[in-house]
Amino acid sequence: MGIYIHIPFCAARCIYCDFNTYIDLDHLKTGYVDAAQREIEMVGGALNRPPAQTIFFGGGTPTALAPEHLARLIDACRRVFDLSPTAEITVEANPGSVSAEGLRALRAAGVNRLSFGVQSFDDATLRFLGRIHSADEARQAVDEARRAGFDNINLDLIYGLPRQSLAEWQATLEAALALEPAHLSLYALIVEPGTPLQRSIERGDIPPPDDDEAAAQYEWTLERLARAGYTQYEISNWALAQPGDDRTPRLASQHNLIYWRNQFYVGIGAGAHSYVRGVRYANVRHPQTYMRAVMREQTPDDLPAPALDPATRDPIDVALAQSEQMMLGLRLVREGVSAAQFAQRFGATLEARFGATIDALLARGLLMWDGDRLHLTRRGLLLANQVMAAFLPD
Ligand code: SF4
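Residues numbered from 1 in each chain as written. Predicted model: local features only at pLDDT ≥ 70, side-chain atom pairs only at ≥ 80, totals over all residues. Heavy atoms only, no water.

- As annotated in an unreviewed UniProt entry, the chain carries the name Heme chaperone HemW and comes from Ardenticatena maritima.
- UniProt's Sequence similarities (unreviewed entry) comment on the chain is quoted here verbatim: "Belongs to the anaerobic coproporphyrinogen-III oxidase family. HemW subfamily." (UniProt positions renumbered as here; feature names shortened; annotations may be inferred.)

And the structure:
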């Protein structure tokens, strides 16, 4: 099981962001940490101290909290979950809100993976996106993280931006490679409804992202990262390969693998999502509502969820779980979906459940078998949305 902890505070709002985060609630931070600690205790208790392999602080901006606050939440997890001694503990970090001292404190608290939201190494682009840091500050943050003892460092970057040329994206990726991060997460920009970005595009102030340009950037990225010694293990994620084995990542994101393998996780904090006992659900979104809900100390009979938003309760039936197994598993470009594991989990064969769909995708050259594992071909990778859509439940 993985533990996700949501920290819904940011210093400023990026123009593309639709995450559950707030720039005017800093006065709630201490009370929020108290509530999150209480929720961890209640959830761990209700699940009888379940084994956990990962903790992931996401946001928002987890580094908007003092390191002592994050340390307190990690300690609470250790007390009420059976946390593996080798657990991966990740903090998403904004290069504009970290210090050498803060990074050392996080390392001392047991954090062993940092995921920096860098997004671009071009200062004009960073300003356009509303980021609070410069490219140099990102470089400095990575440097300080290394000096604080972090080896497992991810950089998040966005490509497919409006007016972004291939050459501009290449310059950003080359700047990232110069830092030799263990891991890279590269996402095509999505224009989310209700964001300042979407409104600017609607008004005609800026052009929409160009899908063909984004596809060209992605294709170039596939080649470039392979040459740089990175192995792609998920559609948007690469890690430096093991020495002598260019197919196996040295440091894949263990927490995200839990999602892609369709395994259970608990979400702590405002709006956090959980998948427990075959039910997916989310907490109430607003931090203040969340804090009040947790402090009432009541959980539903069937779910360890003191801040449950009842409207989000979504029991996952077998047909949906099978579809999700395909759509998530195929994102893992090398691992794919194991026929044996599918049969073991669902008591039904891949052939019986999806035989016709798989045959059609094999015939179109979008999927291939590698022993027992079904995975995307190179062409399937470029048309992944079409492949995933084929497995949607009726
Ligand atoms: S820092 Fe991240 S969570 Fe905060 S506004 Fe920007 S994109 Fe959203």
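Back to the text.
1. Concerning the overall build of the chain
Part 1 of the reasoning: Of regular secondary structure, the chain possesses 15 helices and 16 strands.
Part 2 of the reasoning: Since a compact globule built from 394 residues should have a radius of gyration of about 21 Å, the 21 Å found for the chain is in line with a globular shape.
Part 3 of the reasoning: Expressed along its principal axes, the backbone C-alpha trace of the chain runs to roughly 55 × 50 × 50 Å.
Part 4 of the reasoning: Within the span of the chain, comprising 394 residues, buried residues form 54% of the whole.
Part 5 of the reasoning: Summing over all exposed atoms, the chain offers an accessible surface of approximately 17000 Å²; the carbon and sulfur share of this is 50%.
Part 6 of the reasoning: Between the averaged position of the 37 positive side-chain charges in the chain and that of its 48 negative side-chain charges there is a distance of 3 Å. (Helix = DSSP H or I, 4+ residues; strand = E, 2+ residues; numbered from the N terminus. Rg over C-alpha atoms; globule rule 2.2 N^0.38 Å. Buried < 20%, exposed > 50% of the residue type's maximum accessible area, 1.4 Å probe, protein only. Areas by Shrake-Rupley, 256 points an atom, 1.4 Å probe, with all protein chains shown as cover. Lys, Arg positive; Asp, Glu negative; His and termini not counted. Charge placed at Lys NZ, Arg CZ, Asp CG, Glu CD.)

2. Examining the UniProt feature "domain: Radical SAM core" (unreviewed entry) in the chain
Part 1 of the reasoning: Per the UniProt entry, the sites bearing "domain: Radical SAM core" (unreviewed entry) are residues 1-231 in this numbering.
Part 2 of the reasoning: A distance of 25 Å separates the end C-alpha atoms of residues 1-231, which is 43% helix and 22% strand.

3. Notes on the environment of valine 333
Part 1 of the reasoning: Within the secondary structure, valine 333 sits in the loop between helix H11 (318-329) and strand E14 (337-338).
Part 2 of the reasoning: Not counting the four nearest positions on each side in its chain, valine 333 is found in contact with Gln232, Tyr233, Glu234, Ile235, His375, Leu376 and Leu381. (Contact = heavy atoms within 4.5 Å.)

4. Observations concerning the domain arrangement of the chain
Part 1 of the reasoning: In terms of domains, the chain is made up of domain 1 (2-258) and domain 2 (319-390).
Part 2 of the reasoning: With centres defined by C-alpha atoms, the gap from domain 1 to domain 2 works out at 28 Å.
Part 3 of the reasoning: The interface of domain 1 with domain 2 comprises 13 residues on the first partner and 11 residues on the second.
Part 4 of the reasoning: Carbon and sulfur atoms make up 53% of the area that domain 1 and domain 2 hide from each other, which totals about 1100 Å². (Domains from an automatic or database assignment. Buried area = accessible area lost by both parts, 1.4 Å probe.)

5. A look at the sheet that holds strand E16 (residues 373-376)
Part 1 of the reasoning: What the three strands build is an open sheet, ordered E14-E16-E15; its pairing is antiparallel. The two strands at the open ends of the sheet, each matched to only one other strand, are E14 and strand E15 (367-370).
Part 2 of the reasoning: Sheet topology note: the E14/E16 ladder contains two bridges and is antiparallel. If you follow serine 338 over to E16, its bridge partner there is arginine 373. (Pairing = 2+ DSSP bridges.)

6. So, the site of the ligand
Part 1 of the reasoning: Taken together, Cys10, Ala12, Arg13, Cys14, Tyr16, Cys17, Phe19, Thr21, Gly60, Thr61, Asn94 and Arg131 make up the full set of residues adjacent to the ligand.
Part 2 of the reasoning: In terms of residue class, the shell around the ligand is made up of six nonpolar, four polar and two charged. (Near = heavy atom within 4 Å. Nonpolar A, V, L, I, M, F, W, Y, C, P; charged D, E, K, R; others polar.)

7. Quick look at helix H10 (residues 287-295)
Residues three or four positions apart in an α-helix share a direction because the helix packs 3.6 residues into each turn.
Part 1 of the reasoning: Every buried residue belonging to H10 is among Pro287, Tyr290, Met291, Ala293 and Val294, and all of these are buried. All buried residues of H10 lie within an arc of 165° about the axis, which places them on one face of the element.
Part 2 of the reasoning: Within two residues after H10, glutamate 297 carries a phi angle of roughly 60°, on the positive side. (Arc of directions from axis to C-beta.)

8. Considering the packing of aromatic side chains
Part 1 of the reasoning: Tallying each qualifying case throughout the model produces 13 aromatic pairs.
Part 2 of the reasoning: Taken together, a centroid distance of 4.8 Å and an interplanar angle of 90° make the contact between tyrosine 259 and tyrosine 265 edge-to-face.
Part 3 of the reasoning: You can call tyrosine 259 partly exposed: its relative accessible area is 24%.
Part 4 of the reasoning: For tyrosine 265, a relative accessible area of 11% puts it in the buried group.
Part 5 of the reasoning: Judged by centre distance (6.2 Å) and plane angle (65°), the rings of tyrosine 265 and tyrosine 275 are edge-to-face. One end of the pair, tyrosine 265, is in strand E10 (residues 265-268); the other, tyrosine 275, is in strand E11 (residues 273-276), and 10 residues separate them in sequence. (Phe/Tyr/Trp six-rings, centres within 6.5 Å; stacked < 30°, edge-to-face > 60°.)

9. Observations regarding the nonpolar core
Part 1 of the reasoning: Among the nonpolar cores identified, the biggest contains 109 residues, and Phe116 and Tyr290 are the most heavily contacted of them.
Part 2 of the reasoning: For this core, the element with the most residues is helix H2 (residues 67-80), which contributes seven residues.
Part 3 of the reasoning: For this core, the two domains that each supply at least three residues are domain 1 (2-258) and domain 2 (319-390).
Part 4 of the reasoning: Contacts of tyrosine 290, omitting those with residues within four sequence positions, involve Tyr32, Ala35, Ala36, Glu39, Ile268, Gly269, Ala270, Asn283, Val284 and Ala307.
Part 5 of the reasoning: In terms of nonpolar packing, the next biggest core, distinct from the first, is built from 11 residues, Tyr16, Leu189, Leu197 and Ile201 among them. (Core = buried A, V, L, I, M, F, W, Y, C linked by side-chain atoms within 4.5 Å.)

10. A word on a negative patch on the surface
Part 1 of the reasoning: A cluster of acidic residues, Asp122, Asp123, Glu137 and Glu168, forms a negative patch on the protein surface.
Part 2 of the reasoning: Following the sequence through the fold, aspartate 123 ends up in helix H4 (residues 123-129).
Part 3 of the reasoning: For aspartate 123, a relative accessible area of 33% corresponds to the partly exposed category. (Patch = residues over 30% accessible without salt bridge, like charges linked within 9 Å, V, L, I, M, F, W, Y side chains within 5 Å. Salt bridge = Lys/Arg side-chain N within 4 Å of Asp/Glu carboxyl O.)

11. Points about the side chain of histidine 183
Part 1 of the reasoning: As for its position among the elements, histidine 183 is in strand E6 (residues 183-188).
Part 2 of the reasoning: Histidine 183 gets classed as buried once you look at its relative accessible area, which sits at 0%.
Part 3 of the reasoning: Within the structure, histidine 183 has its side chain in polar contact with the side chain of tyrosine 233 (distance 2.5 Å).
Part 4 of the reasoning: Filtering out sequence-adjacent residues up to four positions away, histidine 183 remains in contact with Arg113, Ile153, Asn154, Leu155, Tyr233, Asn237, Trp238, Ala239, Leu251, Ala252 and Ser253. (Polar contact = N/O pair within 3.5 Å; in protein donor to acceptor, adjacent residues only side chain to side chain.)

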